[in-house]
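Below, each chain spelled out in residue letters.
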Amino acid sequence: MLDRLQALADRYEKLSELLCDPDVTSDTKKLREYSKEQSDLQEAYDAYTEYKSVSEQLEAAKLMQNEKLDEEMRELVKMEIEELGERSTELEEKLKVLMMPKDPNDDKNVIVEIRGAAGGDEAALFAADLYRMYTRYADVQGWKTEVLDANLNDLGGFKEIIFMISGKGAFSKLKFESGAHRVQRIPVTESGGRIHTSTSTVVVMPEAEDIEIEINDADIRVDTFCSSGAGGQSVNTTKSAVRVTHIPTGIVATCQDGKSQNSNKEKALQVLRARIFDKMREEEEAKYAGERKSKVGTGDRSERIRTYNFPQSRITDHRIGLTLHRLDTVLNGDMDEIVSALTLAAQSELLEKGEQAIG
């Protein structure tokens, strides 16, 4: 691993030189390419630089132990060795994680689909709560959100909402959100004060670029229809809503959020590409994963991944056994603790697999 880290450090420093080269600074494409590459290496380079510094300090401190020292100085050196040893171990573990193969989709934008599932109107209202949670989290991260399609019910909940979150690392942080989210609370429609259990499903897909998923015009069927609002009532008389069907796979995407037919077609194609790409990605992963499920779940929408219990202000992620008693702040977008725990669980499993393979 140290050889790989040194090669990474050499490349980082070479990139620093290149980014100062007039031939590169005058070439927008090269400048962007080298800047992104260096940015991707930054965290590992900083950690490795600190690791080398700590290792040198630790070696020097150990040599000092062999010298004639008074009792007070000997105690100080001992404490320094302990602190440096702990930091060295921390950095080693961090570098192991940073040097693991990176998911090529991690830096991509995401398309999120949320649907009310079991529970009727209450499920749709919970779908709206989840949408708000993700958009608030996106705001905190400095990401942008854009609704691609939405289907409201009479109470203001979402039977279905599809939206894009754009920002660096969006997929890396949200990819473990796919699955069934369960809510336990007294619905606004419940007059008897009884707690009901409902579910909404979430699907998170990396955005697929045109170069990744090429859709031929001959392979799609485009249908237009009048947009409809809550209750199915037509809200306009022009056929601005668009349904696009990918004939080879049977995958369908619709969009009626915009007023322009062309705009809706572009958004529908964007969702269609993401769905085709996600299907291909799942099939590829299935070849290697077989029947074995990951610690953080398969990402299948039928798998119950999390429970939101309102009476006890409790949120539990069943995949990693994490329970928090601050449901209100999580639904307000404070998801960092959950996201970090899921990421750590996935990284730990990858490390374990790697060590088993070596052993």
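Under an unreviewed UniProt entry, the name given to the protein is Peptide chain release factor 1, and the source organism is Paenibacillus athensensis. Its UniProt record gives the protein the following Function (unreviewed entry) comment, quoted word for word: "Peptide chain release factor 1 directs the termination of translation in response to the peptide chain termination codons UAG and UAA." Taken from UniProt, the Sequence similarities (unreviewed entry) comment for the protein reads in full: "Belongs to the prokaryotic/mitochondrial release factor family."

K.L.:
What is the right way to read the overall build of the protein from this model?
P.N.:
Of the regular secondary structure elements, the protein holds nine helices and eleven strands. In the protein, buried positions account for 41% of the 359 residues. If you take every contact in the protein between residues at least 6 apart in sequence, the share linking residues at least 24 apart comes to 62%. Carbon and sulfur atoms make up 49% of the accessible area of the protein, which amounts to about 20,000 Å² in all.

K.L.:
Sorry if this is basic, but what is going on with the sheet that holds strand S2 (residues 144-152) here?
P.N.:
The strands making up a sheet are joined through hydrogen bonds of the backbone, oriented either antiparallel or parallel. The strand order across the open sheet built from eight strands is S2-S3-S1-S5-S4-S9-S10-S11, with neighbouring strands paired in mixed fashion. In this open sheet, the two edge strands, each paired with only one partner strand, are S2 and strand S11 (322-324). Put simply, the sheet's adjacent strands are angled 15 degrees from each other on average, direction ignored. Relative to strand S10 (residues 314-317), strand S9 (residues 304-309) runs antiparallel, the two sharing four bridges. Bridging across to S10, Tyr-308 finds its partner in Ile-315. Here helix H5 (residues 121-141) sits on the sheet and contacts strand S1 (110-116), S2, strand S3 (158-166), strand S4 (179-185), strand S5 (196-206) and S9; the angle it forms with S3, its principal contact strand, is near 10 degrees.

K.L.:
I keep staring at the packing of helix H3 (residues 28-64) against helix H4 (residues 71-98) and nothing clicks. Help me out?
P.N.:
When two helices pack together, their arrangement is given by the angle between the helix axes and the distance between those axes. At a closest axis distance of 9 Å, the pairing of H3 and H4 adopts a crossing angle of 155 degrees. Relative to H4, H3 is oriented roughly antiparallel. The two elements H3 and H4 meet at a crossing, and its hand is left-handed. Contacts between H3 and H4 involve Glu-43, Ala-44, Ala-47, Tyr-48, Glu-50, Tyr-51, Val-54, Gln-57, Leu-58, Ala-61, Lys-62 and Met-64 from the first element and Val-77, Glu-80, Ile-81, Leu-84, Gly-85, Arg-87, Ser-88, Leu-91, Glu-92, Lys-94, Leu-95 and Leu-98 from the second.

K.L.:
Mind showing me how you'd approach unusual backbone geometry here?
P.N.:
Negative phi characterises most residues that are not glycine, and trans characterises most peptide bonds. The phi dihedral of Ser-313 falls on the positive side, at around 50 degrees, and the residue is not glycine. One can find Ser-313 in the loop between S9 and S10. Under the relative-accessibility criterion, Ser-313 is labelled partly exposed at 26%.

K.L.:
For this particular structure, what's the right way to read the side chain of Asp-317?
P.N.:
Summarising the element assignment, Asp-317 is placed in strand S10. Using a relative accessible area of 2% as the deciding quantity, one classes Asp-317 as buried. There is a polar contact of 3.1 Å between the side chain of Asp-317 and the side chain of Arg-306. Discounting residues that sit within four places of it in the chain, Asp-317 has contacts with Ile-305, Arg-306, Leu-322, Ile-338 and Leu-342.

K.L.:
Whenever I open this one, the sheet that holds strand S8 (residues 251-255) confuses me. Can you help?
P.N.:
One open sheet accounts for three strands, arranged S6-S7-S8; its pairing is antiparallel. Bordering the open sheet on either side are strand S6 (220-225) and S8, each of which pairs with just one other strand. Ignoring strand direction, the axes of neighbouring strands in this sheet form an average angle of 15 degrees. Pairing analysis gives five bridges linking strand S7 (residues 241-246) to S8, with the strands arranged antiparallel.

K.L.:
Sorry, what's going on with the side chain of Arg-319 here?
P.N.:
If you trace the backbone, Arg-319 turns up in the loop between S10 and S11. For Arg-319, a relative accessible area of 12% gives the class buried. A distance of 2.7 Å separates a polar atom in the side chain of Arg-319 from a polar atom in the side chain of Asp-317.

K.L.:
What is the right way to look at the nonpolar core in this model?
P.N.:
The nonpolar side chains of soluble globular proteins are, as a tendency, buried together. The biggest cluster of nonpolar side chains holds 36 residues, and the ones touching the most others in it are Ile-114, Tyr-134 and Ile-165. Listing elements by their share of this core, those giving two or more residues are S1, H5, S3, helix H6 (170-174), S5, S11, helix H8 (327-331) and helix H9 (336-358). By residue number, the principal contributor to this core is H5, which donates nine residues. Those residues within four positions of Tyr-134 in sequence are excluded, and the remaining contacts are Ile-114, Phe-163, Ile-165, Leu-174, Glu-177, His-181, Val-202 and Met-335. Tyr-48, Leu-58, Val-77 and Leu-95 belong to the second largest nonpolar core, which has 25 residues in total.

K.L.:
How should a negative patch on the surface be read in this particular structure?
P.N.:
A surface patch of negative charge is lined by Asp-70, Glu-71, Glu-72, Glu-75, Glu-80, Glu-82, Glu-83 and Glu-86. By the secondary structure assignment, Asp-70 is in the loop between H3 and H4.

K.L.:
Looking at this structure, I do not really get the pattern of salt bridges. What am I missing?
P.N.:
Pairs can form between side chains of opposite charge whenever their charged atoms are close. Applying the stated criterion to the full structure yields 19 salt bridges. Taking the shortest distance from any N to any O, the salt bridge between Arg-87 and Glu-50 comes out at 2.8 Å. Remark: Glu-50 occurs in helix H3 and Arg-87 occurs in helix H4; sequence separation between them is 37 residues. Take Glu-50: its relative accessible area is 32%, and that puts it in the partly exposed class.

Rules and cut-offs
- Within any chain, residue numbers begin from 1 and follow the written order of that chain's sequence.
- Whole-chain, interface and lining totals are the exception, using all residues; otherwise, since this is a predicted model, local features are given only for residues with pLDDT of at least 70 and side-chain atom pairs are given and counted only at 80 or more.
- Excluded from the side-chain calculation are hydrogens and water; included are all heavy atoms of the structure.
- UniProt positions are given in the numbering used here, feature names are shortened, and annotations may be inferred rather than shown by experiment.
- A run of DSSP states H or I qualifies as a helix once it reaches four residues; a run of E qualifies as a strand once it reaches two. Both are numbered from the N-terminal end.
- The cut-offs for exposure are 20% and 50% of the maximum accessible area for each residue type, with area from a 1.4 Å probe on protein chains only; residues under the lower value are buried, those over the upper are exposed, and the others partly exposed.
- Here, residues are in contact when the closest pair of their heavy atoms is within 4.5 Å.
- We get accessible surface area from the Shrake-Rupley algorithm with a probe of 1.4 Å; when it comes to residues, only the shown protein chains can shield them.
- Pairing between two strands requires that DSSP report at least two bridges joining them.
- The axes used here are C-alpha line fits, helices contributing only the stretch in contact, and every angle between their N-to-C directions lies in the interval 0 to 180 degrees.
- Angle categories are assigned with fixed cut-offs, so that under 35 degrees is roughly parallel, over 145 is roughly antiparallel, 65 to 115 is roughly perpendicular, and the rest are oblique.
- Note on convention: near helix rotated counterclockwise from far helix by under a right angle means a left-handed crossing. Clockwise means right-handed.
- Polar contact is the term for a pair of N or O atoms within 3.5 Å; when the atoms are in protein, one must be able to donate a hydrogen and the other to accept it, and sequence-neighboring residues count only if both atoms are side-chain atoms.
- Nonpolar cores were defined as sets of buried Ala, Val, Leu, Ile, Met, Phe, Trp, Tyr and Cys residues, with membership established by side-chain atoms within 4.5 Å.
- Each patch groups residues whose relative accessible area exceeds 30% and which form no salt bridge, using 9 Å between like charges and 5 Å between nonpolar side chains of Val, Leu, Ile, Met, Phe, Trp and Tyr.
- The term salt bridge refers to a side-chain nitrogen of Lys or Arg lying within 4 Å of a carboxyl oxygen of Asp or Glu.
- Asp and Glu are treated as the negative residues and Lys and Arg as the positive ones, with His and the ends of the chain left uncounted.
- Every charge is mapped onto a representative atom, which is NZ of Lys, CZ of Arg, CG of Asp or CD of Glu.

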